[in-house]
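The primary structure of each chain is shown beneath.
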Amino acid sequence: MSPKTLYDKIWDAHVAHEAEDGTCLLYIDRHLVHEVTSPQAFEGLRMAGRKVHAPDKTIAVPDHNVPTTLGRDNPETMPEDSRIQVAALDTNAKEFGIHYYPVNDVRQGIVHIVGPEQGWTLPGMTVVCGDSHTATHGAFGALAHGIGTSEVEHVLATQTLIQKKSKNMKVEITGSLRPGVTAKDITLSVIGETGTAGGTGYVIEYCGQAIRELSMEGRMTVCNMAIEGGARAGLIAPDETTFEYCKGRPHAPKGAEWEAAEAWWRTLYSDDDAHWDKVITIKGEDIAPVVTWGTSPEDVLPITANVPSADDFEGGKVGAAQRSLDYMGLTPGTPLSEIEIDTVFIGSCTNGRIEDLRAAAEILKGKKIKDGLRAMVVPGSGLVRAQAEYEGLADIFKEAGFEWRLAGCSMCLAMNPDQLAEDERCASTSNRNFEGRQGYKGRTHLVSPGMAAAAAITGKLTDVREMM
Amino acid sequence: MEKFEKLSGIAAPMPLVNIDTDMIIPKQFLKTIKRSGLGVNLFDEMRYDREGNEIADFVLNKQQYREAEILVAGDNFGCGSSREHAPWAIKDFGIRCVISTSFADIFYNNCFKNGILPIVLPQEQVDVLMADADKGANARIEVDLEAQTVTASDGTAFSFEVDSFKKHCLLNGFDDIGLTMEKSGSIASFEAEAAAARPWV
């Protein structure tokens, strides 16, 4: 048998039909659904008189629009258009008989945090969702990617997707990370190296000692941003860390089924002599805590660097860099650690898990945020929130001056009331620093949770290593 | 879905690289439960000021590009969010074809589901078409999907690659759910085999 990558193995196990030209019907094991990209798909089913093909493999949760303030299960707290979207998901979930975590369920949260937490996401699966950050689930060695609404409708109706295979790319992080350096710094540094189109046409497998040493939470952070590098999906081969995380989750297999599943999962790795179309190697010890300075996730620099000038770039990036500097209100040559911020946001499907809150709380313990600064923590799910309260992390955040919110996507994309004002500058643990992403003319610097906490204390972008 | 066969139209130049789907259609317009009516908000934050007045120097606000049916764009067009609202807005504005050196994967797929043809060409060919688009309303670019060619206003023709299945669906305006349902036998046998091999799924 010819050697295969992990991606090859998962792909081969899910091809339901292959046409002569290589176009495949890829079978989908888990379809996650949220309120923003699904209403038109359900409406399409209704108009065509179609049913959901596999309702038991379909899981819905409202996350993008929902307010994160107390009392939100009163629909009056939502603007009318948001309320209609959430109500549409309620109705569609009931009418089509799919699994559902409504807004008042403690298990509600960001779809990419709920899926793994409930054991819906398991190694070797195919997972899709009408959301680009579906890449997150690749941390389990599941082939997971975002799809558009037409494809959501296609999966609802047929449980398959029409696909052609992507190429294989290996990103190896050798050695160990230095203190203060996290999964977020790995994933941003990789994008800094490859650019936001560097992964286009590929599925990335992240490997190497630094990846093996990450927890599941950290691995989810790394894979979450594979899409920011342009890749269809990011993958990490499952290992003991993965199995330990999955075991005992509500929808994970039990008993003999678990044994059978684990035996198969242990075959899910890239063979030694597998073919790679592209390979990138980065030394773990060379990665520093990083921040973004511009309006593309590839605009990454170590916190110890200075704001670049447009002249430092080539081709079309010169104009884009100048536009970014103007938008961000930054002067070339300014040390990044001197940039003052107005707001800190800790949360999102990138960094809204318990380990992220622990990392931020560790820095904030016994400290106060800078006077006048706005700071909020939005846990990724109701269960993350409950765990953080149990561990005393919520008290640390509140005593430091952070707002302690309910779960949702919140200021990562600002579809709910949590938004930046014009020119407001934010250190954010989210995944996109695009123009207007966190609010009209809002300015976003992407950082790790520890770096966000450090920035909250000093009021400017700060090297977390100085606080450790 | 509307068919795409041939198109001869005005092309608008947008040389900026990494135009993301947040730029194409900002999140406040994702709260709709319909697919229609988004064209007026295409590129909203680049196109209008805070009071809703048009920003005169934005390309689609210029007289010669108001009827543009083709967009010639910088590298990595459509990166970011999977929102299909981006191609819905583009189509609703009247644009049927986008030409760039590369597209983000999800956006590229979404275009084909909505009767929009995304064309990938090498940098030097995009540069020629960008210069052509800069000429405004007098420079009409021709796109022929069957022949897989783009022809600039001076007659220079470039060929492009497109996946055969995607081409077939776009040329005929096929609903691919219907096509997949014709293979329901294959799906059912796959399900039976998978349930035996991986009963925990």
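Residues numbered from 1 in each chain as written. Chains lettered and ligands numbered in written order. Predicted model: local features only at pLDDT ≥ 70, side-chain atom pairs only at ≥ 80, totals over all residues. Heavy atoms only, no water.

Comments concerning the pattern of salt bridges
All names here are of chain A. In the structure shown here, the tally under the stated rule is 35 salt bridges over all chains. Here Arg374 ties to Glu424 by a salt bridge, and the two come within 3.0 Å at their closest N and O atoms. One end of the pair, Arg374, is in strand E16 (residues 374-378); the other, Glu424, is in the loop between strand E17 (403-404) and strand E18 (425-428), and 50 residues separate them in sequence. Assessed through its relative accessible area of 27%, Arg374 is described here as partly exposed. The shortest N-O distance in the salt bridge between Arg405 and Glu403 comes to 2.7 Å. With relative accessibility at 11%, the residue Arg405 sits in the buried group. Residue Glu403 is classed as partly exposed on the basis of its relative accessible area, which comes to 32%. (Salt bridge = Lys/Arg side-chain N within 4 Å of Asp/Glu carboxyl O. Helix = DSSP H or I, 4+ residues; strand = E, 2+ residues; numbered from the N terminus. Buried < 20%, exposed > 50% of the residue type's maximum accessible area, 1.4 Å probe, protein only.)

A look at the environment of Ile24 of chain B
All names here are of chain B. Following the sequence through the fold, Ile24 ends up in helix H1 (residues 21-24). Here Ile24 falls in the buried class, since its relative accessible area comes to 0%. For the pair Ile24 and Phe174, spaced 150 residues apart in sequence, the C-alpha to C-alpha distance is 26 Å.

Notes on the domain arrangement of chain A
Residues and elements named next belong to chain A. On domain assignment, one finds that chain A holds domain 1 (6-163), domain 2 (167-286) and domain 3 (291-467). Computed from C-alpha coordinates alone, the two centres of domain 2 and domain 3 are separated by 24 Å. Across the contact, 19 residues belong to domain 2 and 22 residues belong to domain 3. Across the domain 2 to domain 3 interface the summed buried area is about 1500 Å²; carbon plus sulfur atoms make up 56%. Of all residues in domain 2, the largest losses of buried area upon contact with domain 3 belong to Lys184, Leu188 and Glu217, amounting jointly to 33% of the total for that side. Viewed at the interface, domain 3 and domain 2 are joined by one salt bridge. Here Glu228 and Arg432 are joined by a salt bridge, their closest N and O atoms 2.5 Å apart. Counting residues per element, the ones that place at least two in the side of domain 2 that touches domain 3 are helix H6 (183-194) and helix H8 (216-224). Per-class residue counts for the side of domain 2 that touches domain 3 are six nonpolar, nine polar and four charged. (Domains from an automatic or database assignment. Contact = heavy atoms within 4.5 Å. Buried area = accessible area lost by both parts, 1.4 Å probe. Nonpolar A, V, L, I, M, F, W, Y, C, P; charged D, E, K, R; others polar.)

Focus on the UniProt feature "binding site: [4Fe-4S] cluster" (unreviewed entry) in chain A
Residue and element names in this part refer to chain A. This chain's UniProt record puts "binding site: [4Fe-4S] cluster" (unreviewed entry) on Cys349, Cys409 and Cys412. A compact arrangement is adopted by the annotated residues: their sequence extent is 64 residues, whereas the largest C-alpha distance between any two is 8.7 Å. On the secondary structure map, Cys349 appears in helix H12 (residues 348-351). For Cys349, a relative accessible area of 7% gives the class buried. Setting aside its immediate chain neighbours within four residues, Cys349 contacts Ile110, His112, Ile113, His133, Thr136, Asn224 and Asn431. Given a relative accessible area of 6%, Cys412 falls into the buried group. Not counting chain neighbours up to four residues away, the residues in contact with Cys412 comprise Phe345, Ser348, Ser430, Asn431, Arg437 and Gln438. (UniProt positions renumbered as here; feature names shortened; annotations may be inferred.)

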